[in-house]
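Observations on chain architecture
In case you want the letters, here they are:
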Amino acid sequence: MTMSTVDELVEAGNDYQAGFITDVESETLPPGLDEEVVRFISQKKGEPDWLTTWRLEALQGWQAMQEPKWAHVHYPPIDFQAISYYSAPKSQQEGPKSLDEVDPEILRTYEKLGIPLHEQAALAGVVNPDADAGRQVAVDVVFDSVSITTTFKSRLKEAGVIFCPISEAVHSHPELVQKYLGSVISKQDNFYAALNSAVFSDGSFVYIPKGVRCPMELSTYFRINERNTGQFERTLIIADEGSHVSYLEGCTAPMRDENQLHAAVVELVALGDAEIKYSTVQNWYPGDADGKGGIYNFVTKRGLCAGPRSKISWTQVETGSAITWKYPSVVLRGDHSVGEFYSVALTNNRQQADTGTKMIHMGKHTKSTIVSKGISAGNSENCYRGLVRVSPTAAHARNFTQCDSLLIGDTCGAHTFPYIENKNNSATLEHEASTSKVSDDQLFACQQRGIDTEKAVGMIVNGFCKEVFRELPMEFAVEAGKLLEVSLEGAVG
Amino acid sequence: MTLLQVEGLKVDINADDAPMPILKGLDLEVKPGEVHAIMGPNGSGKSTLANVLAGRPGYRVTQGSIRLDGDSLLDLAPEERAQRGLFLAFQYPVEIPGVSNMEFLKASLDSLAKARGEQQPAAAAVIGEARELANSLDLDPSFLKRGVNEGFSGGEKKRNEIMQLLLLKPKLAVLDETDSGLDIDALQTVSEGVNRFRREDRGVVLITHYQRLLEHIVPDYVHVLAEGRIIQSGDKDLALELEAKGYAWLT
């Protein structure tokens, strides 16, 4: 074991406002990944044997796999043995405690980020202070590898909702975890999902019982702090029959010159008539203007519409990360089930994004909607990759896809790879695509009315993203708009 | 005090990588309360003048000066010129899809207020005034929710420019062929708008091809621009003379 004290401050003058480092003592595993590391993590969390075995099987699978190369992104090979697979603030070694006992440095971190840990607070800067108390958001906070705290636990408990760190759910609700963990994304689904399955440290677990409408928005806030660590969180959300939940995910990381790996897995299960709405605002550190540093965001997200008339809706606003590799997907197994994907992906400077969705239609009368808005600026590369698959069983399936790209400047790239596989001739599939550019005439028209170019680009980009923003919970939509403006700073000379 | 003072203005554009002179020593003086019409044949430099006043990229001022209220505009960015009270009604207003007219107007008013150290206007007040103005210009109030000029007809786009003029209340309005492409009813509506804008402390530069606009907006001065220079100035009767004789007798 190594004990390290991070003692650095971030240079002033960068636009990435979440880029500071928190000075806490951490317990961090030395770099490298083997069976021993996996056993250490599992033991650290006091996991039952079945889970240790599950992790080891994932590791075996991973060791036999090759890193995927098909995405339209370029980066030097990752040395997976140079990464540390576990880091936790020392003060949290005994697991989450009450808020009073959490390291004040960590509390200050979230204060700076505007994430409310005290239950009377709502998402600062995100929520209008006049909003009624009904708009409160329960937050699970993950700092490096461990969950720090989960708010509003008791109120959720009254409604029968389980919302806790997954490491805790393994002990408190083993039957649910064992039944659903890996049921949508198997432990050897792909290279990064297998890696995650072997070493995942924490993440959120949600169970909404039959017929319950979750009384508030649930949210997880991920923060990478330690250097040379990867973050491998795992989220599992189960909406039992006829239930409803809206879930928000946010993430930031300090600015560091090295690249850091984030390989998360999110699994959603919606049983009959249940609905899950999953919204992400991804603002991992994107690296500097020359492409130095930044997060590699290689994430597997998939939802299963298991029962009839179930619905899963992904909404994502992706502005951060040096490289994004992410395809939130829906498997539409239940008849009349609905899958949705609304995405805004913005790349600036040297960022690269290869993102999109998969809609796998299996049930009859299943319906999916894909709205993707890609914005490229600077020297960035932005790619939409999507698959709509209609199985022979999916009679009368419908899909509508709309992919729009907006270019700012002439040194960036936008690419679209829409795949369609239709094996049922009663299906209706529609695809629309457009590419446009923020024109000099538009900018001049704004300037002539007194609006400077940065504000003008922000306004035009926000307008372009409107269809997606209106799918976000309102407070998030405002935040997302501001985030786009910050991310675009310097995009026009 | 002079509102707009242009002296010896020479402007080039890039044509096939070689500079091509468009304005070749232009003088113009507009005092508060005055309306100056600038007429001239195609290619005489009328639109260049409008764009150079507003600071549009792509033009190079090689000589001369432009002053607004005594301050040189040449080193100022387009938005700074706007913030100092210069407004250009575009000959070809652009579409900005997804950005509603209301959002655009509010952003404009906010930016202008901020630059001038004034308080930003309340949204409700702006909506109220914008609705009234839209109504007076025969624009359906629902247009405030639509994207800027998105799917507008030519006439609607021009009326939108006048609506912005009346809402933003600049010191100096430069109207670049605002009458082109308008039918007679729209021409009347737009002209009424411009006349409403006229005030003793505001100036107007009216660039037009046709005398018919000047029947509705009566100018104090008429200038003829040809080959990059003002070759003749007079009062409104000059416009009638041009209508009768064409430009040939002058050039």
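First, a word on what this report is: a plain description of the structure on this page. Positions within a chain are numbered from 1, following the residues in the order the chain's sequence is written. Chain letters start at A and ligand numbers start at 1, both assigned in the order the entries are written. Local features are withheld for residues below a pLDDT of 70 in this predicted model, meaning they are given only at 70 or higher, and side-chain atom pairs are given and counted only at 80 or more; totals for whole chains, interfaces and linings count all residues. Remark: hydrogens and water are excluded; side-chain values derive from all non-hydrogen atoms of the structure.

1. So, the sheet that holds strand S6 (residues 86-89) of chain B
Residue and element names in this part refer to chain B.
- Two strands form a pair only when DSSP identifies at least two bridges running between them. Note on conventions: DSSP H or I runs of at least 4 residues are helices, E runs of at least 2 residues are strands, and numbering of each starts at the N terminus. Taken in spatial order, the six strands make up an open sheet running S6-S9-S10-S3-S11-S12, and their pairing is mixed. Each edge of the open sheet carries a strand with a single partner, namely S6 and strand S12 (229-234). The mean inter-strand angle of the sheet, taken between neighbouring strand axes irrespective of direction, is 20°.
- Where strand S3 (residues 35-39) lies against strand S10 (residues 203-208), five bridges are found, and the strand directions are parallel. Each bridged residue has a counterpart across the sheet, and for Ile-38 the counterpart in S10 is Ile-207.
- Contacts were defined at the residue level, with two residues in contact if any of their heavy atoms lie within 4.5 Å. Structural elements are reduced to axes, namely lines fitted to C-alpha atoms, with helices fitted over the stretch in contact, and the angle between N-to-C directions of any two is expressed from 0 to 180 degrees. Where helix H1 (residues 46-54) meets the sheet, its contacts fall on S3, S6, strand S9 (172-176), S10 and strand S11 (221-226), and the angle it forms with S6 comes to roughly 145°.

2. Description of the pattern of salt bridges
Residues and elements named next belong to chain A.
- Salt bridge, as used here: a side-chain nitrogen of Lys or Arg that lies within 4 Å of a carboxyl oxygen of Asp or Glu. Counted according to the given criterion, the structure contains 27 salt bridges over all chains.
- Between Lys-301 and Glu-249 there is a salt bridge, and its shortest N-O distance comes to 2.9 Å. Of the two residues, Lys-301 is situated in strand S14 (residues 294-305) and Glu-249 in strand S10 (residues 244-252); the sequence distance between them amounts to 52 residues. Glu-249 matches Lys-301 in its accessibility class, with the two residues each being buried. Buried, partly exposed and exposed residues are distinguished by accessible area as a fraction of the type maximum, computed with a 1.4 Å probe on protein chains only: under 20%, between the cut-offs, and over 50%, respectively.

3. Points about empty space enclosed by the protein
Residue and element names in this part refer to chain A.
- We place a 1 Å grid over just the protein atoms. Points where a 1.4 Å probe fits but has no way out form a cavity, open points with protein on both sides within 12 Å along at least 5 of 7 lines form a pocket, and any residue with an atom within 4 Å of a point lines it. Grid points are joined across faces, edges and corners, and a volume is the space filled by probe spheres set on the points. Within the structure shown, the criterion is met by six cavities of 30 Å³ or more.
- Roughly 120 Å³ of volume is contained in the largest cavity.
- Surrounding the largest cavity, 19 residues form its lining, Ser-372, Gly-374, Asn-382, Cys-383 and Tyr-384 being those nearest its centre.
- Put simply, the parts of the chain that give the lining of the largest cavity at least two residues each are strand S18 (338-347), strand S19 (352-361), strand S20 (367-376), strand S21 (381-390), strand S22 (398-407) and strand S23 (413-422).

4. Describing a negative patch on the surface
- Patches draw on residues past 30% relative accessible area with no salt bridge. Two like charges within 9 Å are joined, as are two nonpolar side chains (Val, Leu, Ile, Met, Phe, Trp, Tyr) within 5 Å. Computed with a 1.4 Å probe, the accessible areas rest on the Shrake-Rupley method; for each residue, only the protein chains presented here act as cover. By the counting scheme adopted, Arg and Lys are positive, Glu and Asp are negative, and His together with the chain ends is not counted. All charge positions are set by atom: Lys at NZ, Arg at CZ, Asp at CG, Glu at CD. Taken together, the side chains of Asp-452, Glu-454, Glu-485 and Glu-489 of chain A define an acidic patch exposed on the protein surface.
- Accessibility expressed as a relative area gives 36% for Asp-452 of chain A, which makes it partly exposed.

5. Some remarks on the interface of chain A and chain B
- With 17 residues of chain A in contact, the opposing surface of chain B contributes 29 residues.
- Taken over both partners, the interface formed by chain A and chain B buries close to 1900 Å², and the fraction arising from carbon and sulfur atoms is 63%.
- When the buried area of chain A at its contact with chain B is split by residue, Phe-444, Gln-448 and Arg-449 of chain A rank highest and sum to 40% of it.
- The tally of links from chain A across to chain B stands at three salt bridges.
- Notably, a salt bridge pairs Arg-56 of chain B with Asp-441 of chain A, separated by 2.9 Å at the nearest N-O pair.
- Within 3.5 Å is the distance limit for a polar contact, defined as a pair of N or O atoms, with the added protein rule that one can donate a hydrogen and the other accept it, and that residues adjacent in sequence qualify only through two side-chain atoms. The interface formed by chain A and chain B contains twelve residue pairs in polar contact (both at pLDDT 80 or more).
- Every element with two or more residues in the side of chain A that touches chain B is listed here: helix H8 (440-448) and helix H9 (453-464) of chain A.
- If you tally residues by element for the side of chain A that touches chain B, the top one is H8 of chain A, at seven residues.
- Across the side of chain A that touches chain B, the residue classes break down as six nonpolar, six polar and five charged. Once two parts are joined, some of their accessible surface, as seen by a 1.4 Å probe, is lost; buried area is that loss totalled over both. In the scheme used here, Gly and all other residues not listed as nonpolar or charged are polar, with Ala, Val, Leu, Ile, Met, Phe, Trp, Tyr, Cys and Pro taken as nonpolar and Asp, Glu, Lys and Arg as charged.

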